[in-house]
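Residue strings, one per chain:
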Amino acid sequence: MRDCTKFYIDGQWVAPEAANTVDVENPATEETIGQISFGTKADVDKAVAAARRAFESFSQTSREERLTLLRAIQAEIESRKEELATAVSDEMGAPMSLANGPHVGLLAGHCQKAIEILEGFEFERQDGPTLHVWEPIGVVGMITPWNWPLNQIACKVFPALATGNTMILKPSEIAPFNAYIFAEILDAAGVPAGVFNLINGDGPGVGEAISGHPDIDMVSFTGSTRAGVLIAKNAADTVKRVAQELGGKSPNIVLDDGAFAKSVAKGTVAMMGNSGQTCTAPSRMLVPHKRMEEAKAAAREAAEGVIPGDPKGNAAIGPVVSRTQWDKIQGLIEKGIEEGATLVAGGPGKPEGLETGHFVKPTVFADVDNDMTIAREEIFGPVLCILGYDDYDDAIRIANDTEYGLASAITGEDIELARSLAKRIRAGRVAINGGYDMNAAFGGYKKSGNGREWGEWGFHDFLEVKAVMGHS
């Protein structure tokens, strides 16, 4: 049992202002594996005051001082990789291969990228008689989710530290233990008191207090579009910057070529990773109508090869994060059947032999119309929808016919065609044949949010621009 009932405020582990202990569940076993405390506005006030005090000095630190700090953090991450992976696996159900690999790897990767970018980042630029200066925005409130918890903490905290900001983090109450270890890492690395603060809690108790706080200069939020709208409304009265990475319903246009079956299989497996709990997951696969039967066969075979099971074993995917999430996914699977989509693989209920734990069958629907509920709503589970298109103009029309615009994919042999189609997709990211880059901007169009994270793009979100006229 993990006891994570204290908060990290002003460089100290402190008891919450009011006792409110909450259990944390392992979604694979449905057993309680630890406890956290839910904070209140009083805890947020305390952390904000500490961050505000710390900002006066930390905002004036040199590039070299912050580089030294990030390198110390990097070393501490390396020494605690196994603990971090175990925590992620226990609290959100990721198989250990995924937890040790991408989950912890993204944390280390974002730290390394922040170091590389900070080494050469331009904080001042002379433009004729005017000096433009990029300065830290101030105290940042960060609210992060449970699905890629270390990644979403890292791509906020590291650029904020690199640019001289102070911060308060509210991680997900569903998967909080990795953030607790992360706070210990920052403490051991010598992050000055008040620069980083951690408070656990839920949206109404802590999230609202952060987003509406008059002494917080910016809120950086990753989560659902519904919650993002509430945060933006709550932040409006204090006219703070709000950066949001929200939901997605990402299209994957499979080209009509000789690699078709391989492309379908690859897209199916990609959809199932992390139990489908990825905001950029290629959840709408677009294939030519004339090849729908081929797509069904290839997707069925691929889905049946994705074996769910014990995260501590050799399973390809673990459970989804909670019973609430499981119920939502089951309801949408039933809705897909009800609305007439063809069930190709998986379906309702739990996989055979996995009655304990929030396991979902890797599920594929075909003959999906883009007006169906399963094509419109973010399912956030291992459920793929296959839609047909007449030609590439039709594929682009369907791809863009969504309220989201976070990510997209194009898969096939003709790179020039893929490049031309990529220009027409209304989304913040387009991955051609699985292309991936830690420096690539991350963020969405439309209801998928605003602002950009990752690489150099993430630095700019945490900076204000000052024009010093008459400087030269």
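Please refer to the structure placed before this passage.
Residues numbered from 1 in each chain as written. Predicted model: local features only at pLDDT ≥ 70, side-chain atom pairs only at ≥ 80, totals over all residues. Heavy atoms only, no water.

Asks: Can you tell me about the packing of helix H9 (residues 260–272) against helix H10 (residues 292–304), naming the residues and giving the values?
Replies: H10 packs onto H9 with a crossing angle of 45° between their chain directions and a minimal axis gap of 8 Å. Relative to H10, H9 is oriented oblique. Every pair of crossing elements has a handedness; the one defined by H9 and H10 is right-handed. Seen from H9, the contacting residues are Phe 260, Ala 261, Val 264, Ala 265, Thr 268 and Val 269; seen from H10, they are Glu 294, Ala 295, Ala 298, Ala 299, Ala 302 and Ala 303. Of the residues contributing to the contact of H9 with H10, the split by class is 10 nonpolar, one polar and one charged. (Axes fitted to C-alpha atoms, helices over the stretch in contact; angles between N-to-C directions. Helix = DSSP H or I, 4+ residues; strand = E, 2+ residues; numbered from the N terminus. Parallel < 35°, antiparallel > 145°, perpendicular 65-115°, else oblique. Left-handed = near helix turned anticlockwise from the far one by under 90°. Contact = heavy atoms within 4.5 Å. Nonpolar A, V, L, I, M, F, W, Y, C, P; charged D, E, K, R; others polar.)

Asks: Which residues make up the environment of Trp 134, and what values do they have?
Replies: On the secondary structure map, Trp 134 appears in strand E7 (residues 130–136). Among residues more than four places away in sequence, those in contact with Trp 134 are Glu 122, Phe 123, Glu 124, Arg 125, His 460, Leu 463, Glu 464 and Val 465.

Asks: Which residues make up the sheet that holds E7, and what are the values?
Replies: Reading across the sheet, the three strands line up as E6-E7-E21 and stay open at both edges, with antiparallel pairing between neighbours. At either end of the open sheet lies a strand with only one pairing partner, and these are strand E6 (124–127) and strand E21 (463–468). Ignoring strand direction, the axes of neighbouring strands in this sheet form an average angle of 20°. Here four bridges tie E6 to E7, and the two strands are oriented antiparallel to one another. When the bridges of E7 are listed, Arg 125 appears paired with His 132. (Pairing = 2+ DSSP bridges.)

Asks: Hey, could you go over the packing of helix H5 (residues 149–162) against helix H6 (residues 177–189) for me, with residue numbers and the actual values?
Replies: Between H5 and H6, whose axes approach to 10 Å, the crossing angle comes to 30°. Comparing their axes, H6 and H5 come out roughly parallel. Judged by the twist between their axes, the crossing of H5 over H6 is right-handed. Mapping the contact onto sequence places Pro 149, Leu 150, Ile 153, Val 157, Phe 158 and Leu 161 in H5 and Asn 178, Ala 179, Phe 182 and Leu 186 in H6.

Asks: Let's hear about the state of the cysteines: which residues, and what values?
Replies: Taken as a whole, this structure holds zero disulfides when the rule is applied. A disulfide-free cysteine, Cys 155 has its sulfur positioned 9.5 Å from the sulfur of Cys 279, the nearest such atom. The thiol sulfur of Cys 385 is not disulfide-bonded, and the nearest other cysteine sulfur, from Cys 279, lies at 17 Å. According to the relative accessible area criterion, Cys 385 is buried, its value standing at 0%. (Disulfide = S-S within 2.5 Å. Buried < 20%, exposed > 50% of the residue type's maximum accessible area, 1.4 Å probe, protein only.)

Asks: Summarise helix H13 (residues 392–400); cite the residues concerned and give the values.
Replies: Listed as buried for H13 are Asp 394, Ala 395, Ile 396, Ile 398 and Ala 399. The secondary structure elements touched by the buried residues of H13 are strand E13 (251–254), strand E14 (284–288), strand E17 (383–389) and helix H14 (415–422). Two to three positions downstream of the cap, the backbone nitrogen of Asp 393 sits 3.2 Å from a side-chain oxygen, assigning the N-cap of H13 to Asp 391. (Polar contact = N/O pair within 3.5 Å; in protein donor to acceptor, adjacent residues only side chain to side chain.)

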